[in-house]
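This is what each chain is made of:
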Amino acid sequence: MRRSGSGTYISGKSTTAGFSRVGIVAHEPIINDDCYVTAVLQEFYSYWSKRNVDIISLIRTPDQYEQAIREYRLAGILVLCPQKHFTPQILELIRKKIPIVTVGVCLDGLDGYSFGTDHRKVCEKAVAYLHKLGHTKIGFVGEALTLSKYKAFEIALKKHRL
């Protein structure tokens, strides 16, 4: 066994025969909520734990993904809520055949590797539906962390001249 970082130990072989490892990577600390992030993580953990896959949570940026895959002997990584400006680096990793998928937002150029919610489309549909019902005073309820959703909401209001 060798020490790898502060308090993290990795053995030469998987500690449990028949298990493999997948990394969940975030670019910033994951905030436990009652909505999207918690639900995604619970489903991910539940699904893979039944298939003898260990899940390792990491905070990394794309320039650190290859090293993390080697260091933790990962079968692949799932990037939770990737940041748009990392798209070129993620594309480079895909070209290198690094097993990677992103979840949380759909990023342009990562078709087939990026899955998530299109906030603009969701807000547009919601505002269009309420406008069709005759509503003209439509509000937004959300947290400071939902800035992209709020911007999409504003765009939808302008489109419907509200």
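Quick look at the structure, then. (Residues numbered from 1 in each chain as written. Predicted model: local features only at pLDDT ≥ 70, side-chain atom pairs only at ≥ 80, totals over all residues. Heavy atoms only, no water.)

**Observations concerning the overall build of the chain**
- When helices and strands are tallied, the chain shows five helices and seven strands.
- Only carbon and sulfur atoms are counted for the fraction: they give 55% of the accessible area of the chain, which is about 10900 Å². (Helix = DSSP H or I, 4+ residues; strand = E, 2+ residues; numbered from the N terminus. Areas by Shrake-Rupley, 256 points an atom, 1.4 Å probe, with all protein chains shown as cover.)

**Points about helix α5 (residues 147–159)**
- Across its 13 residues, α5 extends 18 Å between first and last C-alpha, which sits within 8% of the 18 Å expected from 1.5 Å per residue.
- Three or more residues of α5 are buried, namely A152, F153, A156 and L157. Along the axis of α5, the buried positions cluster into a sector of 140 degrees, meaning they face one direction only.
- At its buried positions, α5 is contacted by α4 (119–132).
- Count one or two residues on from α5 and you reach R161, which has phi positive near 55 degrees. (Expected span 1.5 Å × (residues − 1). Buried < 20%, exposed > 50% of the residue type's maximum accessible area, 1.4 Å probe, protein only. Arc of directions from axis to C-beta. Contact = heavy atoms within 4.5 Å.)

**Quick look at the nonpolar core**
- Counting residues in each nonpolar core, the largest one holds 18 residues, and the members touching the most others are L58, Y65, Y72, L74, I77, I90 and I100.
- Of all the secondary-structure elements, those providing two or more residues to this core are β4 (53–59), α2 (65–72), β5 (76–80) and α3 (87–95).
- Looking at this core element by element, the count peaks at four residues for α2.
- If we skip the residues at most four places from it in the chain, L58 touches I24, V25, A26, A68, Y72 and L74. (Core = buried A, V, L, I, M, F, W, Y, C linked by side-chain atoms within 4.5 Å.)

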